[in-house]
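Summary of structural features
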Amino acid sequence: MKVLVTGGAGFIGSNFIHYWLDNHSNDHLINFDKLTYAGNPENLEDVTSNPNYEFIKGDIAQSADIKEALEGVDIVVNFAAESHVDRSILDPAPFILTNVVGTQVLLDAAIQAKVKRFHHVSTDEVFGALELNSDKKFNEETNYNPRSPYAASKAASDHLVRAYFTTYQLPITITNCSNNFGPYQYPEKLISLAITNLLENKKVPVYGDGLYVRDWLYVEDHCAAIDSVITKGKIGETYCIGIDNDISNIQAIKKILEILEMKEDKIEYVKDRPGHDRRYAIDATKIKKELGWKPKFDFETALGKTVTWYKENKNWWQKLRNKNFENYYQKQYILRNET
Ligand code: NAD
Ligand code: DAU
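Keep in mind that this is a model prediction, so the values were computed, not measured. (Residues numbered from 1 in each chain as written. Chains lettered and ligands numbered in written order. Predicted model: local features only at pLDDT ≥ 70, side-chain atom pairs only at ≥ 80, totals over all residues. Heavy atoms only, no water.)

Some details on the side chain of Thr6
Summarising the element assignment, Thr6 is placed in strand E1 (residues 2–6). Under the relative-accessibility criterion, Thr6 is labelled buried at 0%. In this structure Thr6 touches Phe32, Ile60, Val77, Asn78, Phe79, Ala80 and Leu106, once residues within four positions along its chain are discounted. (Helix = DSSP H or I, 4+ residues; strand = E, 2+ residues; numbered from the N terminus. Buried < 20%, exposed > 50% of the residue type's maximum accessible area, 1.4 Å probe, protein only. Contact = heavy atoms within 4.5 Å.)

If you want it as structure tokens, here you go:
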């Protein structure tokens, strides 16, 4: 099989490429990535000499780029996106260009290339927010109610993917996953930012009261879930992925402090995120029952592995905390708190 992964130089995409090459050694895999601030070729340094791996620099929103790359491709796995909620609040435009227009351009090219499968990687944020003190969870029947520019752009992309199935019979599948953490995560998301700040002896900025809840899943489990949908999932269907583990931000940070043997004075409460979604939780019964997927890693074990990875790979993340990162950090954490 010839597999084209878009956004493969990012966090989940690069973990997925490692996973796929390990588990499908006869496939030829093309990584198609624009290399934005979040795309990092170093994530894949160890596979560049693998004859089954190829890299193409390109933009999913540019049809000429993507048409050429799709020649002879059987399976498309679409990870390419602007992915950070806080950046979407500072500047929504790139989110619409890549996540909405880019997905549409990619879908058109996939039809022309007659791909056998178009798998779209999406998020639980499309469903909106749950109450803190409830046992409700999102599932495949939950109505869409996106509340940030990022979530709205991903919701639009999901609708487009489904519309191309209904209208043009493009053989699609979609997954909506909860928050991921693990190796190669750009140090702007809560867990990667917290670990890297602490390793530099800086404080961890916690938004609002810190009691926001997420269903943290180790990235390798997400990759295995996508594999099971691509190999065993039903065309036209959506599958929700999560670990059934409500964890508040403050609990997650305290766990990291405990692993690093640091004190709680490293926590700094800062101004809240506008429109902050209180709680996400996923009911993953469908993928478990129909496809036999289940997570391998519990939160604490995976968090320990992740902290160790960032400790052992300082070279990887220290380079990313450069001038551009500092500019973003100033805007997001310093200037915003002064107003
Ligand atoms: P990321 O920001 O780490 O990586 C995104 C990648 O896409 C980067 O390599 C970037 O260069 C590339 N890219 C951006 N615009 C592009 C374009 N126009 N053309 C080609 N490549 C482009 O993101 P991530 O956290 O790895 O997320 C990957 C996907 O998974 C996204 O679609 C995201 O919505 C979804 N998702 C993420 C999470 C999470 O917790 N991180 C959870 C569920 C779903
Ligand atoms: O739920 C899936 C989504 O998870 C993905 O679709 C997104 O791509 C991914 O970025 C993530 O979105 P979140 O907004 O939930 O993740 P983030 O790591 O930005 O924030 C997690 C929680 O931590 C959230 O309640 C906001 C809070 N937070 C975040 C940062 C960056 C803080 O308190 N301080 C911070 O500095």
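Concerning the packing of helix H8 (residues 249–259) against helix H10 (residues 299–312)
For the pair H8 and H10, the least separation of the axes is 10 Å and the interaxial angle reads 55°. In terms of their interaxial angle, H8 and H10 are classed as oblique. Crossing of H8 over H10 shows right-handed handedness. Taking contact as the criterion, the partners of Ala252, Lys255, Ile256 and Ile259 in H8 are, on H10, Phe299, Glu300, Leu303, Gly304 and Val307. (Axes fitted to C-alpha atoms, helices over the stretch in contact; angles between N-to-C directions. Parallel < 35°, antiparallel > 145°, perpendicular 65-115°, else oblique. Left-handed = near helix turned anticlockwise from the far one by under 90°.)

Description of helix H7 (residues 219–232)
A rise of 1.5 Å per residue sets the reference length of H7, with its 14 residues, at 20 Å; its end C-alpha atoms lie 20 Å apart and thus fit the reference within 8%. Counting buried positions along H7 yields eleven of 14 residues, so the element is predominantly enclosed. For H7, the full list of buried residues reads Val219, Asp221, His222, Cys223, Ala224, Ala225, Ile226, Asp227, Ser228, Val229 and Ile230. (Expected span 1.5 Å × (residues − 1).)

Re the site of ligand 1
Ile12, Asp33, Ser83, Tyr150 and Lys154 are the nearest of the 29 residues found near ligand 1. Between ligand 1 and Phe11, the relevant distance is 3.0 Å, taken from an oxygen atom to a main-chain nitrogen or oxygen of the residue. Between ligand 1 and the protein, one listed contact pairs a nitrogen atom with a backbone N or O atom of Ile60 at 3.0 Å. Among the elements of the structure, helix H1 (11–23), strand E5 (117–123) and helix H5 (149–168) are those that each provide at least two residues to the shell around ligand 1. Broken down by class, the residue content of the shell around ligand 1 amounts to twelve nonpolar, twelve polar and five charged. (Near = heavy atom within 4 Å. Polar contact = N/O pair within 3.5 Å; in protein donor to acceptor, adjacent residues only side chain to side chain. Nonpolar A, V, L, I, M, F, W, Y, C, P; charged D, E, K, R; others polar.)

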